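Below are the chains, spelled out letter by letter.
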Amino acid sequence: MCRGKDTRYTGTIIQKRRRPMPDWSYHTLFKPLLFRLSGRRARDLTLHAIGGLSRIPGGTFVIRTMGHMEMSPLLASELAGVPIACPVGLSGGLDPHGTAHKALAQFGLGFIELGPVTVRAVQSHASISRMTEEEAIVYPDGYENDGPDAIAARLRKGTGHRLPHFVRLRPMPGSSPREALEEQRELLFKLAPYAAGFTLDGLAEGWPTATALAYLTEVRQLAEAAAPGKPVLMYVPRQLPEEELRAILDTARSFSGVVLGDAQREPGTRRERVGGGASLLSAQLSKVRLLRKSLGERSAVVAAGGVHQPEDALALLAAGATSVMLHSGLVYAGPGLPKRINEAILYDRFTARVASIDAEALPYDVSVDANEQASNSRASVVTSSDPSTAPQRREISSFPPSPAISSTPSFWANWGWMSLLGLGMMIGGVLAWFIAATTVLLPYDEDFLGKTRNEIIRFNDHLLHFMSHDRITLAGTMISIGIFYYQLAHHGLRYGLHWARTAVISSCVVGFSSFFLYLGYGYFDPLHAAAAVVLLPMLLLTLRGLKDHPSRKPPGLRNDRIWLRAQWGQCCFVILGFGLGIGGLTISVVGITEVFVPSDLVYLGVTSSELSAWSETIIPLIAHDRAGFGGALFSLAVAITASALWGVNQGEGWLWWTFLWGGLPGFIAGIFVHAHIGYTDFVHLLPVYIAVLLYLAGLYLTYPYLVGKGGTSVTAVRSL
């Protein structure tokens with residue numbers, strides 16, 4: 001049963017949580033490289049890299065920026081009485097030394113397992129092997145750990161996160177039950193102050209079943225005395241047959257719950273295998289159903305192992321698991337797996353709530369107990385061990401109002417103003433393009449120069465074309481920005497998507513700030529200033545009453561070919577966004593300092609000194625155009641990068657069309673104006689060519705995932 005804290009909320013139900021190293025970078029860049037290394041070297045390199053990053057100043061910010069996970073109170077529950085933010089935990093064997101726990105805690109986890117912990121440290125430097133076909137990992141020594149003294153010192157020093165720790169206690173290899181009992185007494189004394197709960201391991205030591213159960217009962221009593229009020233769970237090894245599981249049920253009822261282990265010990269060795277594909281998941285599902293039916297709702301059932309995609313986690317929760325723990329799934333599916341699981345659970349619980357309430361009878365903003373909502377949802381989703389008796393729910397693609405998400409706010413409430421801002425940018429871009437393609441200069445430009453258009457042409461017939469090329473590329477960028485703002489407002493802000501709000505507001509802040517770049521070149525553009533004065537109030541009006549809500553779209557549940565292909569497409573868009581950002585910053589800096597790059601002067605056929613000698617104001621005017629374009633390009637890059645990092649989810653077809661139509665004006669302006677004026681230096685245009693290739697590849701690779709109809713629904717998984 002879900003017994004979270006009594007937390008009330010009104011309207012806004014999402015709390016921000018982010019994750020590092022998204023799947024787009026893992027599957028395209030890191031995993032191919034890491035899988036060329038030995039298992040131990042790859043693990044140590046990965047954990048030390050992300051762990052080290054989390055400990056340097058600003059490192060956590062970098063980790064959080066690379067992903068965007070909204071942790072809703074709907075995900076909050078309890079694990080054997082311990083409040084957890086979500087029902088997804090980390091298995092202790094993945095990071096036995098706690099090297100990267102601070103970073104891993106950002107992945108969207110609700111708790112972390114420590115262990116197994118033995119009374120003395122067990123070190124192993126033997127190779128860790130991967131069984132790629134079965135998506136399994138084989139550890140040379142399942143007892144490997146740092147020992148209680150080192151672990152207690154680490155916890156005493158602080159872990160840098162607030163997730164609860166469940167400590168798994170295990171006898172030393174070869175210990176007798178009596179020796180093991182004394183070992184556990186010492187372990188409990190040293191670790192009780194730091195543990196949220198304990199998991200007792202003793203069924204895989206080769207002892208007779210009756211002896212092992214008597215041992216576990218005695219250790220449970222010791223734990224309850226050493227750590228009053230803290231839950232004590234029984235660890236069931238993966239290799240325990242279902243028949244023997246039935247034999248230990250009476251003893252299991254005296255514990256706070258059961259952890260179904262993810263490791264299978266190889267006979268006669270200390271080697272343990274974690275993971276194993278569909279066969280492992282099927283066995284775990286059967287055991288979860290048996291435990292839930294036998295132990296009832298009060299006992300926690302934690303399913304560790306077999307979770308490599310959101311579909312697996314949903315199936316285990318639907319079978320009766322209280323929570324799941326991840327291990328090999330993070331290695332093979334990627335670090336985004338916790339986020340994807342949480343999104344699937346959130347969608348499931350949210351739609352369950354919507355389906356059970358007559359939405360039309362509710363007022364616009366209703367205060368609801370988050371704990372009650374989570375409890376009701378879990379009771380309807382995961383308590384039935386028989387799929388035929390599970391509640392039947394319809395799939396919802398357009399959600400009616402509910403206590404979790406109110407009806408769509410009116411156009412003038414907030415999101416409509418951002419739509420108007422986007423339209424304003426598009427109209428402004430079209431006008432700027434028209435002027436740049438015809439007269440190029442406005443009257444106040446000529447007044448500032450003290451030169452007429454004809455005088456400029458007589459001095460240098462390339463100069464006006466050069467200024468036109470700067471202004472047309474700026475105009476194309478403005479149109480692209482406007483398309484992104486309109487789309488993010490219409491499809492994102494309108495429905496309370498937090499990532500869309502972050503993307504559009506961050507881009508706006510950058511864009512409006514770039515206006516002040518005129519301080520670097522001394523040219524004040526009255527038209528630019530007038531546009532800022534008109535558009536800024538629209539941004540401010542957008543900020544009124546924004547609320548965050550869960551996504552209305554069902555998430556993808558499988559690590560299928562379409563999903564993997566989309567990771568490559570997402571990678572292309574992210575690299576494109578970062579590349580445009582670097583380009584925008586570079587252009588802005590050059591614009592307010594050197595103004596020209598060497599190829600510019602080659603095209604013009606003059607030097608900076610000759611230009612200054614002809615007119616003292618021509619370079620400040622060109623600098624104004626260049627810096628303005630650089631600022632606009634960086635603003636667009638922020639919108640593209642944020643959308644690519646956080647918005648690529650299955651079925652979000654509007655985002656694909658945003659990338660398509662939002663990219664065309666900028667690329668058309670950048671390529672064709674250079675061809676039109678004859679400025680075709682290959683090195684100068686090489687970044688544009690690379691950007692176009694990334695743009696086209698991103699569109700091609702993400703189309704089936706974003707626009708296609710493939711995928712598995714949450715509803716379908718409930719019947720597994």
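Since the structure is predicted, the reported quantities are computational estimates derived from the model, not experimental observations.

On average, the protein chain scores 86 in pLDDT, and the residues at 70 or more come to 87%. Counting interchain partners and residues more than four positions distant, the pLDDT-below-50 stretch residues 358-406 has 123 contacts.

Side chains Ser323 and Met325 project from strand E17 (residues 323-326) onto one buried face, and the interleaved Val324 and Leu326 project onto a second face that is buried too. Inspection of the sheet shows strand E6 (residues 88-90) paired to E17 by three bridges, in the parallel sense. Pairing of Leu90 across the sheet is with Leu326, part of E17. At this point the chain moves from strand E16 (residues 300-304), through helix H11 (residues 310-319), to the parallel E17, and the crossover so formed is right-handed.

Contact pair helix H10 (residues 278-295) / H11: the axes reach a minimum separation of 8 Å and the direction vectors enclose 20°. As the angle between them shows, H10 and H11 are arranged roughly parallel. The two elements H10 and H11 cross, and the hand of that crossing is right-handed. The segment H10 lies against H11, with Leu281, Gln284, Leu285, Val288, Arg289 and Arg292 engaging Asp312, Ala315, Leu316 and Ala319. When the residues that make up the contact of H10 with H11 are grouped by side-chain class, the tally is six nonpolar, one polar and three charged.

Attention now goes to the packing of helix H5 (residues 148-157) against helix H6 (residues 177-191). For the pair H5 and H6, the least separation of the axes is 9 Å and the interaxial angle reads 15°. Relative to H6, the element H5 is oriented roughly parallel. Of the two possible hands of crossing, H5 and H6 adopt the one that is right-handed. Listed contacts from H6 to Pro148, Asp149, Ile151 and Ala152 of H5 are Leu187, Lys190 and Leu191. The residue makeup of the contact of H5 with H6, split by class, is five nonpolar, no polar and two charged.

All right, on to the packing of aromatic side chains then. The geometry of an aromatic ring pair comes down to the distance between the two centres and the angle between the two planes. Scanning all chains against the criterion turns up 18 aromatic pairs. Ring centres of Trp499 and Trp654 lie 6.0 Å apart, and the angle between their planes is 15°; on these two criteria the pair is classed as stacked. With Trp499 in helix H19 (residues 498-513) and Trp654 in helix H25 (residues 653-677), the pair connects residues that are 155 residues apart, well separated along the chain. The exposure class assigned to Trp499 is buried, which follows from its relative accessible area of 6%. Connected via pairs of aromatic rings, a cluster forms that spans Phe411, Trp412, Trp415 and Trp417. Over the ring of Phe35 we find Lys31; its NZ or CZ atom is 5.3 Å from the centre of that ring. Over the aromatic face of Phe255 sits the side chain of Arg220, whose NZ or CZ is 5.6 Å from the ring centroid.

Within the closed barrel, the eight strands sit side by side as E6-E7-E10-E11-E12-E13-E16-E17. Their pairing is parallel. Neighbour-to-neighbour, the strand axes of this sheet turn through a mean angle of 25°, independent of strand direction. Summarising the sheet, strand E10 (residues 165-169) and strand E11 (residues 197-201) pair through four bridges and their orientation is parallel. Its bridge partner being in E11, Phe166 is matched across the sheet by Gly197.

Within the fold, Asn145 resides in the loop between strand E9 (136-139) and H5. In terms of polar contacts, Asn145 uses its side chain to reach the backbone carbonyl oxygen of Tyr143, at 2.6 Å. Not counting residues within four places of it along the chain, the set of residues in contact with Asn145 comprises Pro116, Val117, Thr118, Arg120, Ala121, Val122 and Gln123.

Quick look at the sheet that holds strand E15 (residues 272-275) now. A sheet is described by the order of its strands in space; here four strands give the open sequence E8-E9-E15-E14, paired in antiparallel fashion. Sheet topology places strand E8 (129-131) and strand E14 (263-265) at the edges, where each strand pairs with a single neighbour. Each strand of the sheet is rotated relative to its neighbour by a mean of 25°, with strand direction disregarded. Sheet topology places E14 next to E15; three bridges connect them, and they run antiparallel. Considered in E15, the bridge of Ala263 is made with Val274.

About the thresholds
- Residues numbered from 1 in each chain as written.
- Predicted model: local features only at pLDDT ≥ 70, side-chain atom pairs only at ≥ 80, totals over all residues.
- Heavy atoms only, no water.
- pLDDT = per-residue confidence, 0-100.
- Contact = heavy atoms within 4.5 Å.
- Buried < 20%, exposed > 50% of the residue type's maximum accessible area, 1.4 Å probe, protein only.
- Helix = DSSP H or I, 4+ residues; strand = E, 2+ residues; numbered from the N terminus.
- Pairing = 2+ DSSP bridges.
- Right-handed = clockwise from strand over helix to strand, strands pointing away.
- Axes fitted to C-alpha atoms, helices over the stretch in contact; angles between N-to-C directions.
- Parallel < 35°, antiparallel > 145°, perpendicular 65-115°, else oblique.
- Left-handed = near helix turned anticlockwise from the far one by under 90°.
- Nonpolar A, V, L, I, M, F, W, Y, C, P; charged D, E, K, R; others polar.
- Phe/Tyr/Trp six-rings, centres within 6.5 Å; stacked < 30°, edge-to-face > 60°.
- Lys NZ or Arg CZ within 6 Å of the ring centre and 35° of its normal.
- Polar contact = N/O pair within 3.5 Å; in protein donor to acceptor, adjacent residues only side chain to side chain.

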